[in-house]
Amino acid sequence: MAHSTAPTAPASRPSASRGLYWNTTLLALLMVLPFIAPRYWIYFACIFGINVIATHGLNIMMGYTGLLSLGHAAFLGVGAYTTALLQIHLGLPVYITLPLAGLAAAVIGIGFGLPSLRIRGLYLVIATLAAQFILQFVFIHWESVTNGDVGLTVTPPEVFGIPLNTEERMFYLILFVAVLSTLFAVNVIKSRVGRAFIAIRERDLTAEVLGVEIVWYKLVSFALGSFYAGVAGGLLVYFNHTVNPEQFGLMQSVFFLSAVIIGGMGSTLGAILGALFMTLMPEALSQGVLSIGDLFSVDTASFLVPLRETIFGFLMVAFLIFEPRGIAHIWARIRQKYLRRNAAQ
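This report concerns the structure included in the present document. (Residues numbered from 1 in each chain as written. Predicted model: local features only at pLDDT ≥ 70, side-chain atom pairs only at ≥ 80, totals over all residues. Heavy atoms only, no water.)

1. Concerning the overall build of the protein chain
Step number 1: In terms of regular secondary structure, the protein chain is built from 13 helices and four strands.
Step number 2: Seen through its principal axes, the protein chain has C-alpha atoms that stretch 80 × 60 × 45 Å.
Step number 3: In the protein chain, which comprises 345 residues, the proportion classed as buried is 44%.
Step number 4: The long-range fraction of contacts in the protein chain, counting pairs at least 24 apart against all pairs at least 6 apart in sequence, stands at 78%.
Step number 5: Carbon and sulfur atoms provide 69% of the accessible area of the protein chain, an area that totals close to 18800 Å².
Step number 6: Here the protein chain contributes 19 positive and 15 negative side-chain charges, whose respective centroids are spaced 20 Å apart. (Helix = DSSP H or I, 4+ residues; strand = E, 2+ residues; numbered from the N terminus. Buried < 20%, exposed > 50% of the residue type's maximum accessible area, 1.4 Å probe, protein only. Contact = heavy atoms within 4.5 Å. Areas by Shrake-Rupley, 256 points an atom, 1.4 Å probe, with all protein chains shown as cover. Lys, Arg positive; Asp, Glu negative; His and termini not counted. Charge placed at Lys NZ, Arg CZ, Asp CG, Glu CD.)

2. A word on the nonpolar core
Step number 1: Counting residues in hydrophobic clusters, the biggest one holds 73 residues, and the most contacted among them are Phe 197, Leu 235, Val 243 and Met 278.
Step number 2: The element that contributes the greatest number of residues to this core is helix H9 (residues 214–240), accounting for 13 residues.
Step number 3: Once residues within four sequence positions are removed from consideration, Phe 197 is found in contact with Ile 60, Tyr 64, Thr 65, Val 188, Tyr 217, Val 220, Ser 221 and Leu 224. (Core = buried A, V, L, I, M, F, W, Y, C linked by side-chain atoms within 4.5 Å.)

3. Regarding the packing of helix H2 (residues 39–64) against H9
Step number 1: The interhelical angle for the contact between H2 and H9, taken along N-to-C directions, is 165°, at an axis separation of 6 Å. In terms of axis orientation, H2 runs roughly antiparallel to H9. By crossing handedness, the relation of H2 to H9 is classed as left-handed. Across the interface between the two elements, Tyr 43, Cys 46, Ile 47, Ile 50, Ile 53, Ala 54, His 56, Gly 57, Ile 60 and Met 61 of H2 pack against Ser 221, Phe 222, Leu 224, Gly 225, Ser 226, Tyr 228, Ala 232, Leu 235, Leu 236 and Phe 239 of H9.
Step number 2: Residue classes in the contact of H2 with H9 are distributed as 15 nonpolar, five polar and no charged. (Axes fitted to C-alpha atoms, helices over the stretch in contact; angles between N-to-C directions. Parallel < 35°, antiparallel > 145°, perpendicular 65-115°, else oblique. Left-handed = near helix turned anticlockwise from the far one by under 90°. Nonpolar A, V, L, I, M, F, W, Y, C, P; charged D, E, K, R; others polar.)

4. Observations concerning the environment of Gly 326
Step number 1: Structurally, Gly 326 can be placed in the loop between helix H12 (304–322) and helix H13 (327–344).
Step number 2: Contacts of Gly 326, omitting those with residues within four sequence positions, involve Ile 261, Ile 262, Gly 263, Gly 264 and Phe 319.

5. Quick word on the side chain of Glu 323
Step number 1: Examined against the element boundaries, Glu 323 turns out to sit in the loop between H12 and H13.
Step number 2: Residue classification places Glu 323 among the buried positions, given a relative accessible area of 9%.
Step number 3: A polar atom in the side chain of Glu 323 sits 2.7 Å from the side chain of Arg 333.
Step number 4: Leaving out residues up to four positions away in the same chain, Glu 323 has contacts with His 329, Ile 330 and Arg 333. (Polar contact = N/O pair within 3.5 Å; in protein donor to acceptor, adjacent residues only side chain to side chain.)

6. Some thoughts on the packing of helix H3 (residues 72–90) against H9
Step number 1: Two elements in contact, H3 and H9, have axes separated by 6 Å at closest approach and are oriented at 55°. As summarised for this structure, H3 and H9 are arranged oblique, according to the angle between their axes. In the crossing of H3 with H9, the sense of the turn from one axis to the other is right-handed. Counted together, His 72, Phe 75, Leu 76, Gly 79, Ala 80, Thr 83, Ala 84 and Gln 87 of H3 and Gly 225, Ser 226, Ala 229, Gly 230, Ala 232, Gly 233, Gly 234, Val 237 and Tyr 238 of H9 form the full contact between these two elements.

7. Comments concerning the environment of Ala 275
Step number 1: By the element assignment, Ala 275 lies in helix H11 (residues 268–295).
Step number 2: Each C-alpha atom, one on Ala 275 and one on Ile 50, is 9.1 Å from the other, the two residues being 225 residues apart in sequence.
Step number 3: Setting aside anything within four residues of it in sequence, one finds Ala 275 in contact with Phe 48, Asn 51, Val 52, Thr 55 and Ala 259.

8. Some thoughts on the pattern of salt bridges
Step number 1: On inspection of all chains with the given rule, the structure shows four salt bridges.
Step number 2: Where Glu 202 meets Arg 201, a salt bridge forms, and the shortest distance between an N and an O atom there is 2.8 Å.
Step number 3: Judged by relative accessible area, Glu 202 falls into the exposed class, the value being 54%.
Step number 4: Classification of Arg 201 by relative accessible area gives partly exposed; the value is 28%.
Step number 5: Linking Arg 333 and Glu 323 is a salt bridge whose minimum nitrogen-to-oxygen distance equals 2.7 Å. Within this pair, whereas Arg 333 is found in helix H13, its partner Glu 323 is found in the loop between H12 and H13, the two being separated by 10 residues in sequence.
Step number 6: Given the relative accessible area of 40%, Arg 333 is considered partly exposed. (Salt bridge = Lys/Arg side-chain N within 4 Å of Asp/Glu carboxyl O.)

Right under this line is the structure:
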């Protein structure tokens, strides 16, 4: 009997070692990316990193806790305006403005998350949609603070006396925050808090019977998700050097909602893959439409935006029909086939 059973821990070590190897390799490639990639790529890499942070926040709320939200972009706006105001009026550095931006968004998120204590599903979506419109109204009409439609302008942040005044330099700040936020999200979900989130998502009444304080954990979920959004908004204003209400409209909230669904709800990897898809696919479609127009000598620039949005919409619908569990599930299937093939050899 002693020889018929083998310990499972050593068997899992090769897989863990491979994961560490690939993660380290990926991080090393990202560190040298500004030196080998065109500036055009660096721009999209920065936008992708900011989107990853924001998508992690919505994934905690929606993917893990089951709290649907259509107001995520508004919380990015809270973080962006908080960052701008703290720099303009108090001259605070980036390592103070970003956490405070997240805290401000978390406080506002808790306030708008209070309806989740009594309502859920479609009713909660309507409540968060109200948050989107209310906050955007504030961004536009509180002109003495936000400067209305004109917006606010900030100077590049400094880290250790180095001004982050280029996209290449901002890339490293965004990369650092994106990696930190990903690691934090992974550890939160593995913790008791994450298990409580999942229990509430599956069946909140049963979770309450089992001793989960659903009121507390729902507010924690809203606070964490909004904190992520606030930090992403702070990075966005530093990257663009300006903030205005148009950056945080309803379509931007739909953008993050789509990223969570397409990537795979309740998956940290899914949040990353969904953000990647939503960041790069619109640009790929634009380039494709322009190339087709050049090939057939047709002026596609005049109807590029509606055509791109239509094609993009069809792609999302098709994706939800044929793979509702998202890109993360596709990746998991490919990985399993690869591992089985190697094991067979």
